[in-house]
Amino acid sequence: MNFLVDLAWSALGLAVMFAVLSVIVLSMTWLERKALGRLQLRYGPTRTGLFGLMQPIADAVKLIIKEDIIPEDSEKAIFWIAPVIVVVSAFVIWVTIPGGDSVVIRNLPLGLFYIIAFAVIGILGLVLAGWGSANKYGIMGGLRSAAQLISYEIPVVLVAAAVAILAQSLDMREIVAQQSSYPYLLVLPLGFAVFFVAGLAEVGRTPFDIYHAESEVVGGPFVEYSGAHWSVFFLAEYINTFAIAALTTLLFLGGWGGPALPDVVWFLFKTYAVVLVVFWVRGTFPRLRIDQLMAFAWKVMVPLSFYTVIIAAVYRFYGLPWWSLTIMSVAGLAVAGWIIYQRMTGPARRVAEVQRQLAARRAATGART
Amino acid sequence: MADPTAITTQMPDGVREGTQPVEMLLNMGPQHPSTHGVFRMVLWVDGEKVVDVEPHIGYLHRGSEKLCEGEQYHQVVTLFDRMDYIGNFNNELAYCMAVEKLMGLEVPERAEYIRVILCELNRIASHLLYVGTMGLDAGAMTPVMFSFRGRERVQALFEAVSGARLMHNYFRIGGLKEDVPDNFRQLVGELMPLLREDVEQSDRILTFNEIFLSRLKDVSPIGADEAIALGLTGPMLRACGYEYDVRRAQPYSIYDRFDFEVPVGLDGDCWDRHWVRVQEMYQSLRIVEQAMEQLPEGSVTSSLGRRLIRPAAGEVYIRAENPRGEIGVYLVSDGTDRPYRVKVRPPSFCNLSALRRLLVDTWLADSVVVLGSLDIVLGEVDR
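Procedures and definitions
- Residues numbered from 1 in each chain as written.
- Chains lettered and ligands numbered in written order.
- Predicted model: local features only at pLDDT ≥ 70, side-chain atom pairs only at ≥ 80, totals over all residues.
- Helix = DSSP H or I, 4+ residues; strand = E, 2+ residues; numbered from the N terminus.
- Rg over C-alpha atoms; globule rule 2.2 N^0.38 Å.
- Buried ≥ 20, exposed ≤ 12 C-beta atoms within 10 Å, placed from the backbone.
- Contact = placed C-beta atoms within 7 Å.
- Nonpolar A, V, L, I, M, F, W, Y, C, P; charged D, E, K, R; others polar.
- Pairing = 2+ DSSP bridges.
- Axes fitted to C-alpha atoms, helices over the stretch in contact; angles between N-to-C directions.
- Parallel < 35°, antiparallel > 145°, perpendicular 65-115°, else oblique.
- Left-handed = near helix turned anticlockwise from the far one by under 90°.
- pLDDT = per-residue confidence, 0-100.
- Expected span 1.5 Å × (residues − 1).
- Bend = angle between axes of the 7 residues up to and from the residue.

**With respect to the overall build of chain A**
Within chain A one finds 13 helices and zero strands. Along chain A, helices (α) and strands (β) appear in the sequence α-α-α-α-α-α-α-α-α-α-α-α-α when read from the amino end. The C-alpha atoms of chain A give a radius of gyration of 23 Å, which matches the 21 Å a tight globule of 369 residues would have. Here the C-alpha coordinates of chain A stretch approximately 95 × 60 × 40 Å along the principal axes. Counting only residues that meet the buried cut, chain A has 44% of its 369 residues in that class. Of the contacts formed within chain A by residues at least 6 apart in sequence, a portion of 78% connects residues at least 24 apart.

**Let's talk about the overall build of chain B**
Along its length, chain B carries 15 helices and eight strands. Relative to the 2.2 N^0.38 estimate, which gives 21 Å for 383 residues, the radius of gyration of chain B is 21 Å and therefore close to what a compact globule would have. Seen through its principal axes, chain B has C-alpha atoms that stretch 70 × 45 × 35 Å. The proportion of buried residues among the 383 residues of chain B is 55%. In chain B, the share of contacts with a sequence separation of at least 24, taken over all contacts with a separation of at least 6, comes to 71%.

**Overview of the interface of chain B and chain A**
Across the contact, 32 residues belong to chain B and 29 residues belong to chain A. Among the elements of the structure, β1 (24–28), α4 (109–138), α5 (143–162), α7 (210–216) and α14 (364–374) of chain B are those that each provide at least two residues to the side of chain B that touches chain A. The element that contributes the greatest number of residues to the side of chain B that touches chain A is α7(B), accounting for six residues. Its residues assigned to classes, the side of chain B that touches chain A shows 18 nonpolar, seven polar and seven charged.

**With respect to the sheet that holds strand β6 (residues 314–322) of chain B**
Residues and elements named next belong to chain B. Read from one edge of the open sheet, three strands run β6-β7-β8, paired in antiparallel fashion. If you trace the sheet from one side to the other, it starts and ends with β6 and β8 (341–345), each paired once. Averaged over all pairs of adjacent strands, the angle between their axes in this sheet comes to 15°, without regard to strand direction. In this sheet, β8 lies alongside strand β7 (residues 325–333) in antiparallel orientation, the contact comprising five bridges. Within β8, the residue paired with Gly328 across the bridge is Arg345. Of the strands in this sheet, β6 and β7 touch helix α3 (residues 88–103), which is tilted by about 150° from β6.

**Looking at the environment of A:Glu32**
If you trace the backbone, A:Glu32 turns up in helix α1 (residues 2–39). In this structure, the C-alpha to C-alpha distance between A:Glu32 and A:Leu276, residues 244 residues apart in sequence, is 7.7 Å.

**Some details on the packing of α1(A) against helix α11 (residues 263–284) of chain A**
All names here are of chain A. Where α1 contacts α11, the axes come no closer than 9 Å and their chain directions differ by 45°. Taken together, the axes of α1 and α11 are oblique relative to one another. Here the hand of the crossing between α1 and α11 comes out right-handed. Facing Met28, Glu32, Ala35, Leu36 and Leu39 of α1, the residues of α11 in contact are Val275, Leu276, Phe279, Trp280, Arg282 and Gly283. A class-by-class count of the residues in the contact of α1 with α11 yields eight nonpolar, one polar and two charged.

**Some thoughts on the confidence of the model for chain A**
Averaged over chain A, the pLDDT score is 85; the fraction of residues at 70 or greater is 99%. Mean pLDDT values for the elements of chain A range from 78 in helix α9 (residues 214–217) of chain A up to 90 in α11(A).

**Points about the sheet that holds strand β2 (residues 40–46) of chain B**
Residues and elements named next belong to chain B. Across the sheet, three strands lie side by side as β1-β2-β3; this open sheet has antiparallel pairing. The two strands at the open ends of the sheet, each matched to only one other strand, are β1 and β3 (49–56). When the angles between neighbouring strand axes are averaged without regard to direction, this sheet yields 20°.

**Side note on helix α6 (residues 184–206) of chain B**
Residues and elements named next belong to chain B. Here α6 spans 32 Å end to end across 23 residues, near enough to the 33 Å set by a 1.5 Å rise per residue. Remark: the principal bend of α6, roughly 30°, maps to Met192, with a proline, Pro193, within the next four residues. When we look at burial in α6, the residues that qualify are Val188, Leu195, Asp198, Val199, Ser202, Asp203 and Leu206. In this structure, the buried side of α6 is in contact with α4, α5, α7 and α11 (270–294).

**Section: helix α5 (residues 136–167) of chain A**
Residue and element names in this part refer to chain A. A rise of 1.5 Å per residue sets the reference length of α5, with its 32 residues, at 46 Å; its end C-alpha atoms lie 46 Å apart and thus fit the reference within 8%. In terms of residue burial, α5 counts as a mostly covered element, since 23 of its 32 residues are buried. Once α5 finishes, Gln168 follows within two positions and takes phi at roughly 60°, a positive value.

**Quick word on unusual backbone geometry**
Generally, phi is negative for residues other than glycine and the peptide bonds are trans, each holding for most cases. Omega for the peptide link from A:Thr206 to A:Pro207 comes to 0°, which places this bond in the cis form. Its identity as a non-glycine residue notwithstanding, B:Asp361 has a phi of 75°, on the positive side. As for its position among the elements, B:Asp361 is in the loop between α13 (355–359) and α14. Positive phi outside glycine occurs at B:Arg383, with the angle close to 50°. We classify B:Arg383 as buried; it has 22 C-beta atoms within 10 Å.

**Some words on the environment of A:Phe118**
Residue and element names in this part refer to chain A. You can see Phe118 is positioned in helix α4 (residues 111–132). Spatially, the C-alpha atoms of Phe118 and Val88 are 9.3 Å apart, while their sequence positions differ by 30 residues. Setting aside residues up to four positions removed in sequence, Phe118 forms contacts with Ser89, Val92 and Ile93.

**Let's talk about the packing of α6(B) against α11(B)**
All names here are of chain B. The N-to-C vectors of α6 and α11 enclose an angle of 170°; their axes lie 10 Å apart at closest approach. What the angle tells us is that α6 and α11 run roughly antiparallel. Residue-level contacts link Val188, Met192, Leu195, Arg196, Val199 and Asp203 of α6 to Val278, Met281, Tyr282, Leu285, Val288, Glu289 and Met292 of α11. A class-by-class count of the residues in the contact of α6 with α11 yields ten nonpolar, no polar and three charged.

**Notes on the pairing of β6(B)**
Residues and elements named next belong to chain B. Across nine bridges, β6 lies against β7 in antiparallel orientation. Looking at β7, one finds that Glu321 is bridged to Glu326. Where β6 folds back on β7, the antiparallel hairpin that results is connected by two residues.

Okay, structure coming up:
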């Protein structure tokens, strides 16, 4: 009897989670359209309801009633199962991501481990989707996604490990409780930067949207998908984006901690703020090339995440005061940031210098009219 | 590594003869978001590397040159509008100059100035389109919105002047269709500061962006000698550091009266091509400002009126600087009211012929950027 009650509660919890996440995805699509619109000198949706708030509903209805085309040459079983793998792994991690002190389906003592383990499974779905759709763009996109997501999984895992070392726990609630006096952003700014950037790559957001690059591989693994199948991928992508934002909030921004307001409100506020930054980045940057992306992962992100783990471990082992970790982290961030800045702006400075020389030569020889 | 100069004729099952089946045949286009129209590339890729490429053109072939032979001289202007549909005024100018040279016609002073103003504004509009699509090709979705705002403003002016946003049909042999509206000075005066701001904004948001630089710098560089051998012109050639601009090298119309620079790049890579185009916009703004100051009063229509013209038998070749490069018009008259032959040297077609040289041994993602940096217009390539 107890078992049945338990099962019923779990089912109810999952249903509520599904509903809440669906609403969150709808709100995110609206927010993205509006935010991008403001960045791009336009309004975004305005015609569907107040401020275009009904636009996500209209989009969802359109997607669901569209014809679901399944290519004749595709591997039907793989083609069918791939979106399911992607979306299930996206939903399942939310079982243990808490939205507040008591707002969680089932808090696990190894919650962080569980989240990271299940987040990887989505890659399999993307590769299968690319392969099963019997499309060369799909195959390229699928292989790109495998390379990209596995590479960027390493910094994410290592930084999460550093946070676990700090908090001495893998329990998400415990990690947040540890941040009640100060958020880990203050002690591990380097870890925050690495986690956020690697997280962007992990969910395939600009400037790391290599595997579904519109202008090269035309959607990558999703190229042959349409209608409801495609909308499932879409759903998973937004849930993953929200999950990365939520993890950034929980691990570094103090979770739901905050004065006056209820904890869920604080959690949503911080998470949506991170999501807005993701959209802002999307509206600003071009896309990296695949070799640059991989080089960035292995030459920058992985060493930095190792450094993060080491300083966290040193701090714990010797019992140093908390600000010593901040200094080590900021020093690492400053050195890495300076090197990246020099590398990235190197061409720009060279070009500016050359153009100055050209202009000087022109002025010396007398400007022709 | 396949020999890039080898002409591939067969492509059975995506594997070429004599190669190991590690290369995949990737058909890009004609329905691909970044082939700028209906261009089709057949790429052989080894993983992410482009091994070979075969361009397929002709999806937009309308036989424009042949159609010209069936139209009277005045009517041909409309066909030139439809070749390079991004730089319409420049095309019209090239054709009109050819007929004028054939007939030895003098063009009224005011008409020359208005032609130059419209052509340079059109060059800016064309390059703005290029900047936006280049951003899209590189994966940035915002620059296109900024640059299209400027383009829309220019097109609004064109509409006020000629009645059409794209297919203007405004230049006539020996002059213009009609004078510009009475408030032309005011319209251009209002446009110029806004347009300069748009150009600056789309420049600032993209040109020195670190990711954009790392995507475009040192991608498929080409030397000046090789560029000349391949017949590249316009920004493609100037990016190699070779200062060749028809407006300067062989001034036509009244381009010898203006003070402007010819921006050149250094390495001839994709970023230099981008930079040259952006700088050209600033120079075009300078030309428009000077031309507006000097704009005289007077008639703009030809002394011919609307009479049917029959140039004496003969032939003529004229060249002009289009936004995309050097356009050449070869015109043969047999003394009737229709041209005997019109041959166009379209700049994007000639630039496109360097595609294999530029693409082989780049990354797949670069193929899109390189094609974008060629800045082709399919209406002109296929004619």
